[in-house]
There are 2 protein chains.
Amino acid sequence: MKIGELSKKCGLSIDTLRFYEKIGLLEKPLRDGGGHRVYDPEIMQWLGFLARLKETDMPLKKQIEYAKLRAMGNETAALRRILLEKHLQELTEKQARLKDNISTLKTKITIYRQIEKDIDDDEPKSDT
Amino acid sequence: MKIGELSKKCGLSIDTLRFYEKIGLLEKPLRDGGGHRVYDPEIMQWLGFLARLKETDMPLKKQIEYAKLRAMGNETAALRRILLEKHLQELTEKQARLKDNISTLKTKITIYRQIEKDIDDDEPKSDT
DNA sequence: CTAAATGCTGGAGTATACTCTAGGTCAAGT
DNA sequence: ACTTGACCTAGAGTATACTCCAGCATTTAG
């Protein structure tokens, strides 16, 4: 699989894939005779997981840290687990705050509805 | 209240408060005889709400849009409500994805624990 | 009254995460 | 063979959201 195809399949731009490689988030892929990158289809799983880390706002630096450990094999399992546990804890906290923010927002929206209703009562346009 | 005090109370740096003013997120406060900003304590409520918008990743541009509507008074209530409803919908989606990501992460962590256990079983250090 | 703290402005600098450009090379279809 | 599209590199540029700096004015504590 060449970079264009991978880009379409994973949703990251070609530039982003090369950028991720440059910063060490993706391992350097093999090259074909013409020097073009050739990706193993397995990379899709990895990119899928990275997408989750990204979606949950893990900074690239931490993702790279994780990727480096992953590249070292199973002996780094504990370190990776600890890294993910830390991240999980942040997410749990984020989830709580999000829940709270959503309910505040809902309250605010209700208040706005009331204001709109009050305005309507003051300025009845329907019968003028 | 002068800017230093407000900064301490609201948790934003002095630079950030001035920056928010510059980009139109905060209205220009009154000035005292010496040209120093003087804030109405009421601004704390507003900053508290902005903090929620920020915490939920509303970009400054949208916050500014909201702030401008707010500055126009009650007649913009409906517009502001719509803006918040849009944001709320995004947050609800984000909440669902977060829930999913959290459970994936938990699964992954469990797998790591198993790998660690397998490694321990292969390489028993305790009795060598 | 004076020194230290606080505040002012305009503009430059930083961090993060891409995104684009120039100037090529390589591959695929006709 | 030739043209078009995909790919290559190094490096510059962009967007967002601050953060810091120089050089000066004002305020406040002793």
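In the block above lies the structure referred to throughout.
Everything in this summary refers to the structure shown in the same document. (Residues numbered from 1 in each chain as written. Chains lettered and ligands numbered in written order. Predicted model: local features only at pLDDT ≥ 70, side-chain atom pairs only at ≥ 80, totals over all residues. Heavy atoms only, no water.)

### With respect to the overall build of chain A
- A count of helices and strands for chain A gives five helices and two strands.
- Element order for chain A, N to C, with α for helix and β for strand: α-α-β-β-α-α-α.
- For chain A, the C-alpha radius of gyration of 24 Å lies well beyond 14 Å, the compact-globule estimate for 128 residues.
- Summarising its shape, the C-alpha atoms of chain A cover approximately 80 × 35 × 20 Å along the three principal directions.
- Here chain A holds 128 residues, and the buried ones make up 34% of them.
- Partitioning the intrachain contacts of chain A with sequence separation of at least 6 by distance along the chain shows that 47% fall at a separation of at least 24.
- Accessible area of chain A: about 8300 Å², with a carbon and sulfur share of 52%.
- If the 25 positive side-chain charges of chain A are averaged to one point and the 22 negative ones to another, these points end up 8 Å apart. (Helix = DSSP H or I, 4+ residues; strand = E, 2+ residues; numbered from the N terminus. Rg over C-alpha atoms; globule rule 2.2 N^0.38 Å. Buried < 20%, exposed > 50% of the residue type's maximum accessible area, 1.4 Å probe, protein only. Contact = heavy atoms within 4.5 Å. Areas by Shrake-Rupley, 256 points an atom, 1.4 Å probe, with all protein chains shown as cover. Lys, Arg positive; Asp, Glu negative; His and termini not counted. Charge placed at Lys NZ, Arg CZ, Asp CG, Glu CD.)

### Regarding the interface of chain A and chain B
- Facing the 36 residues of chain A at the interface are 36 residues of chain B.
- Note on chain A versus chain B: buried area summed over both sides is about 3400 Å², and carbon and sulfur give 66% of it.
- At the boundary of chain A and chain B, one finds eight salt bridges.
- Notably, a salt bridge pairs Glu55(A) with Arg97(B), separated by 2.7 Å at the nearest N-O pair. (Buried area = accessible area lost by both parts, 1.4 Å probe. Salt bridge = Lys/Arg side-chain N within 4 Å of Asp/Glu carboxyl O.)

### Considerations on the protein's contact with DNA strand D
- Close to DNA strand D lie 19 residues, the nearest being Gly4(A), Arg18(A), Arg31(A), Arg37(A) and Tyr20(B).
- Considering the 4 Å shell around the protein, atoms of DNA strand D inside it are sugar or phosphate in 85% of instances.
- A distance of 2.7 Å separates a phosphate oxygen of DNA strand D from a polar backbone atom of Arg37(A).
- Contributions of two or more residues to the surface near DNA strand D are made by helix H1 (3–10) and helix H2 (14–22) of chain A together with helix H2 (14–22) of chain B.
- Grouping the constituent residues of the surface near DNA strand D by class yields six nonpolar, six polar and seven charged. (Near = heavy atom within 4 Å. Polar contact = N/O pair within 3.5 Å; in protein donor to acceptor, adjacent residues only side chain to side chain. Nonpolar A, V, L, I, M, F, W, Y, C, P; charged D, E, K, R; others polar.)

### What about the relation of the copies chain A and chain B?
- At an RMSD of 0.0 Å, chain A and chain B line up after a rotation of 180 degrees and a shift of 0.0 Å along the axis. Such a turn and shift between the copies fits a two-fold axis. Closest approach to the rotation axis within chain A is made by the C-alpha atom of Gln95(A), at a distance of 3.6 Å.
- Most of the interface of chain A is mirrored in chain B, where 100% of its interface residues again form contacts. (Least-squares fit on C-alpha atoms with pLDDT ≥ 70 in both.)

### Considering the packing of helix H5 (residues 77–122) of chain A against helix H3 (residues 43–55) of chain B
- Where H5(A) meets H3(B), the axes come as close as 10 Å, and the angle between the chain directions of the two elements is 125 degrees. On the basis of their axis angle, the class for H5(A) and H3(B) is oblique. Both H5(A) and H3(B) take part in a crossing whose hand is left-handed. Taken together, the residues of H3(B) that come into contact with H5(A) (itself represented by Arg97(A), Asp100(A), Asn101(A), Thr104(A), Leu105(A) and Lys108(A)) are Phe49(B), Arg52(B), Leu53(B) and Glu55(B).
- Across the contact of H5(A) with H3(B), the residue classes tally to three nonpolar, two polar and five charged. (Axes fitted to C-alpha atoms, helices over the stretch in contact; angles between N-to-C directions. Parallel < 35°, antiparallel > 145°, perpendicular 65-115°, else oblique. Left-handed = near helix turned anticlockwise from the far one by under 90°.)

### A closer look at the packing of helix H3 (residues 43–55) of chain A against helix H4 (residues 60–71) of chain A
All names here are of chain A.
- Two numbers describe how H3 lies on H4: the axes approach to 11 Å, and their chain directions differ by 150 degrees. It follows from the interaxial angle that H3 and H4 lie roughly antiparallel. You can see that H3 and H4 cross each other, and the crossing is right-handed. Contact residues: Trp46, Phe49, Leu50, Leu53 and Lys54 in H3; Gln63, Tyr66, Ala67 and Arg70 in H4.
- Counted by class, the contact of H3 with H4 contains six nonpolar, one polar and two charged residues.

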